[in-house]
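An overview of the molecular structure
So the chains spell out like this:
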Amino acid sequence: MNVAKLFKPREGQLALPLALFLHLFYVVPLAVLLASSFQQAAGVPGFTLGQYGEFFQDSVNVKVLRDTVFLGIQVTIACLILGYPVAYVFANAPAAWKGILTFLILLPLLTSAVVRTFGWVVILGKQGLVNTFLQNLGLIGEPIKLLFTHHGVAIAMTQIQLPLMILPIVASLSQVDSRLSAASESLGGGAWRTFWKIIFPLTLPGVISGCLLVFAITVSSFVTPSIIGGGQVMYMPTLIYQQAVVLLNGPFAAAVSAILLAVVLLVVVGLSALGQRSRAYIR
Amino acid sequence: MSNSFLAKMSRRSLLGAAAFTGAGILLKSCTNSASTTSTSASQPTTGGKLIATTLPGSWEQFNRTVVVPKFNAAAGAETSLVPLVSADQIAKLKASPSSPPFDVVSMDYGVFDGAPKEELFQKLPIDKLKNYSDLADRFQTPDTWGPLIGIQAVGIAYNPKVVTTPPTSWADLWDSKYKGRVALMAMKNNHTIGFMQKIAKMNGGSTENLDPAFAQIEKLAPNLAGVVANAGALITLFQQGEVDIAPHDLNSVKLLQSKGVDIDWVMPQEGGFALTPTMSIVKNPAASVDLAAAYIDTAISTDVQTQMTETSYVLPTNKNVSIPTEIAQKLGNNLDEILAKLEFLDWATINKNRTEWVGKFDQIVQV
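Topic: the overall build of chain B
From N to C terminus, chain B includes 15 helices and twelve strands. Counting only contacts in chain B whose residues sit at least 6 apart along the sequence, the fraction spanning at least 24 positions is 73%. In the form shown here, chain B has an accessible surface area of approximately 15700 Å², with 54% of it arising from carbon and sulfur atoms.

Thoughts on the environment of I296 of chain B
All names here are of chain B. Tracing the sequence through the fold places I296 in helix α11 (residues 289-299). Judged by its relative accessible area of 0%, I296 falls in the buried class. C-alpha separation for the pair I296 and V105, spaced 191 residues apart in sequence, amounts to 9.6 Å. Setting aside residues no more than four positions away along its own chain, I296 makes contact with V104, L124, L129, P147, M279, S280 and I281.

Structural notes on the interface of chain B and chain A
Taken together, the 38 residues of chain B in the interface contact 29 residues of chain A. Here chain B packs against chain A, burying approximately 3000 Å² in sum over the two surfaces, 62% of which is carbon and sulfur. By the criterion of area lost to chain A, the three top residues of chain B are K188, Q366 and V367 of chain B, representing 18% of everything that side buries. One can count zero salt bridges joining chain B with chain A. Counting across the interface, chain B meets chain A through eight residue pairs in polar contact (both at pLDDT 80 or more).

Observations concerning the nonpolar core
By size, the foremost hydrophobic cluster in this structure holds 101 residues, and its most contacted members are Y295 and L331 of chain B. Examining the composition of this core, we find that eleven residues originate from one element, helix α9 (residues 150-175) of chain A, more than from any other. Sequence-distant contacts of Y295 of chain B, that is, excluding residues within four places in its chain, are made with L50, A52, V67, V68, F71, T79, L81, V104 and M279 of chain B. By size, the runner-up hydrophobic cluster in this structure holds 37 residues, among which are Y158, Y178, L220 and L224 of chain B.

A short note on the environment of T102 of chain A
Residue and element names in this part refer to chain A. By the secondary structure assignment, T102 is in helix α6 (residues 95-110). Residue T102 is classed as partly exposed on the basis of its relative accessible area, which comes to 29%. Separated by 65 residues in the primary sequence, T102 and L167 place their C-alpha atoms 9.2 Å from one another.

Considerations on the pattern of salt bridges
Residue and element names in this part refer to chain B. Evaluated as defined, the whole model comprises 17 salt bridges over all chains. Measuring nitrogen to oxygen at the nearest pair gives 3.0 Å for the salt bridge that ties K128 to D290. Residue K128 is found in the loop between β4 (121-122) and β5 (152-158), and its partner D290 is found in helix α11; the two are separated by 162 residues along the sequence. For D290, a relative accessible area of 47% translates into the label partly exposed. Put simply, K319 and D137 hold a salt bridge, and the shortest N to O gap is 3.5 Å. In this pair, K319 is assigned in the loop between α12 (302-312) and α13 (325-331) and D137 in the loop between β4 and β5, connecting sequence segments 182 residues apart. Taken together, the shared-partner salt bridges in this structure form one network comprising K198, K201 and E343.

What to know about the confidence of the model for chain B
On average, residues of chain B score 87 in pLDDT, and 87% of them reach the 70 mark or higher. Long-range and interchain partners of residues 26-45 of chain B, a stretch whose pLDDT sits below 50, account for eight contacts in this model, where long-range means more than four residues apart.

Description of a nonpolar patch on the surface
On the surface, L18, F21, L22, L24, F25, Y26 and V27 of chain A cluster together into a nonpolar patch covering about 710 Å² of accessible area. For L22 of chain A, the location among the structural elements is in helix α3 (residues 16-37).

A few points about α6 of chain A
Spanning 16 residues, α6 of chain A covers 23 Å between terminal C-alpha atoms, matching the ideal 22 Å at 1.5 Å per step. Remark: the principal bend of α6 of chain A, roughly 30 degrees, maps to L104 of chain A, with a proline, P108 of chain A, within the next four residues.

Topic: the packing of helix α11 (residues 191-202) of chain A against helix α12 (residues 204-219) of chain A
Residue and element names in this part refer to chain A. In the contact formed by α11 and α12, the axes pass within 5 Å of each other and the chain directions differ by 55 degrees. The orientation of α11 with respect to α12, classified from their angle, is oblique. Residues F200, P201 and L202 of α11 form the contact with α12, whose participating residues are L204, P205 and V207. Residue composition of the contact of α11 with α12, by class: six nonpolar, no polar and no charged.

Quick word on the pairing of strand β1 (residues 49-54) of chain B
Residue and element names in this part refer to chain B. The pairing of β1 with strand β2 (residues 78-83) spans six bridges and is classified as parallel. The partner of T54 across the bridge, within β2, is P83. Viewed along the sheet, the connection from β1 through helix α3 (residues 58-75) into β2 turns out right-handed.

Considering the packing of aromatic side chains
Residues and elements named next belong to chain A. This structure, assessed with the given rule, holds 20 aromatic pairs over all chains. Ring geometry for F55 against F56: centres 5.0 Å apart, planes inclined by 80 degrees, an arrangement best described as edge-to-face. Looking at F56, the relative accessible area reads 45%, which means it is partly exposed. Judged by centre distance (6.4 Å) and plane angle (40 degrees), the rings of F55 and F252 are tilted. Taken as a pair, F55 in helix α4 (residues 50-57) and F252 in helix α15 (residues 250-282) lie far apart in primary sequence, 197 residues in all. The burial state of F55 is the same as that of F252; both residues are buried.

So, how was this worked out
Residues numbered from 1 in each chain as written. Chains lettered and ligands numbered in written order. Predicted model: local features only at pLDDT ≥ 70, side-chain atom pairs only at ≥ 80, totals over all residues. Heavy atoms only, no water. Helix = DSSP H or I, 4+ residues; strand = E, 2+ residues; numbered from the N terminus. Contact = heavy atoms within 4.5 Å. Areas by Shrake-Rupley, 256 points an atom, 1.4 Å probe, with all protein chains shown as cover. Buried < 20%, exposed > 50% of the residue type's maximum accessible area, 1.4 Å probe, protein only. Buried area = accessible area lost by both parts, 1.4 Å probe. Salt bridge = Lys/Arg side-chain N within 4 Å of Asp/Glu carboxyl O. Polar contact = N/O pair within 3.5 Å; in protein donor to acceptor, adjacent residues only side chain to side chain. Core = buried A, V, L, I, M, F, W, Y, C linked by side-chain atoms within 4.5 Å. pLDDT = per-residue confidence, 0-100. Patch = residues over 30% accessible without salt bridge, like charges linked within 9 Å, V, L, I, M, F, W, Y side chains within 5 Å. Expected span 1.5 Å × (residues − 1). Bend = angle between axes of the 7 residues up to and from the residue. Axes fitted to C-alpha atoms, helices over the stretch in contact; angles between N-to-C directions. Parallel < 35°, antiparallel > 145°, perpendicular 65-115°, else oblique. Nonpolar A, V, L, I, M, F, W, Y, C, P; charged D, E, K, R; others polar. Pairing = 2+ DSSP bridges. Right-handed = clockwise from strand over helix to strand, strands pointing away. Phe/Tyr/Trp six-rings, centres within 6.5 Å; stacked < 30°, edge-to-face > 60°.

Okay, structure coming up:
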């Protein structure tokens, strides 16, 4: 046998260290997790769908799932609407400004999510910035309840996830050939039409990967929903933590995790399919 | 072996081979590590290292500044503290019961009691503790997993700037003048478990029957500003002036007071309840059992318990500690008088029903 041939580099082999790492520390634990979600109780062998049945029979749990997906969609759309213009400004900014803008965009990522979340507690409170501002303007008489509501969580999450939407869009905007918009203009296309017909479709891959990142991270984030939402609005990660760590109900927590994973996968597959189609459009 | 083969041994293939061997050694060491730690566990260590957990916050501060230095000096040991909330300590122990990440745990007894104790902990070797007989009689039990190291008295915390007449009863939380100013921790917190027990018993329920308390929680809705995730989040709300009244423990309130927050604490006329941190030795400690026992012994010594009572306002379990005036004003002059006002919860019953109760509570408070 030729040893040299065995170690001849191929592209795939370069990913081997990561593949090994992921198999050991991700795939194997994931398999254990899935296996335990089919247990009757922790440590009891056997196969049952009971944990899943229990989840879907309880309307509280189903509401938690619905709220989580809804939160994911809300935050993704909000990030897209707020993030795209920022990315557009960034891509068209003079080079000297880009450094400062990069810093500003990345700034939220440089502080811990816990710190930012407690910041939001101060901002969203009844005597917080938002309510004081609106009251002083005379727009509202009574302070609005934002803390411990779904809307509060959505607002805070949007700010926290925003960089994850902006960065992929910036990347794909910077790949768009600037001569395309010049060509469109010379052919009589207005700025608005040029954007919707040329620029936006070309940046769809960036938009889709941004949406993927934001959605997946939002539905699985723990700190912000549990602190801003408190005990009154619950999401899947809080439910998993409560079942696994506080109530020591491992198999049920595993089942909830599997359901969350399935939801994320569904969205990933859906958005990827969309991404494929958008790429076809570009070519 | 031909020369042509050697010539083919390029730098890359050599690197590849080296990486392969390296990975092999790494993998082998993975399987070995478990057996090496278990042999070191069976050897008694003299002096040596000890890893102890502590509850975070004021407990960590106290353990770091008082218990650990005292113990290190006395036993010639080197102690690392790991701050973790009770449930996370159990989770970490359950993940590797044969080589646990700590030697001594310090956690809330309510959580401790619900854990699989036989798998994770060992009974306390009382004969190795010099100070065990100094514990108040009711805290001395012959066949114990570990002593209670303090008592946190839970009553009503309020903002004296807004609530000028201090509340007198748990029922005051339902008073319409506190509309939108009451906070509760989520039911997964033992503070709320105890609160619900108290409310149930005031309304014709019992330890097993919390239904009257759940009915009351539904009525609390207009007053409820929020249900917070944990004690830390509750503190933020008080600091922000977001809420004015909530069930909380004396020691946390005193800590906030010392930081200049407008907060005070009162024991309701129906009496409060006790949350009791306990210490226990894990089943397969890396340190010697003697060392672990000595650490627990330090924590219950008269000296440490006196400092704990005076600086942290956690009530002592050691009977030789005299009650400082500030606590005496609120609770009573001696330990017996104070303990008579505090209910010690029946955790065995609570833990049997915990899952069901937490689910029910969440269902009621969901918005």
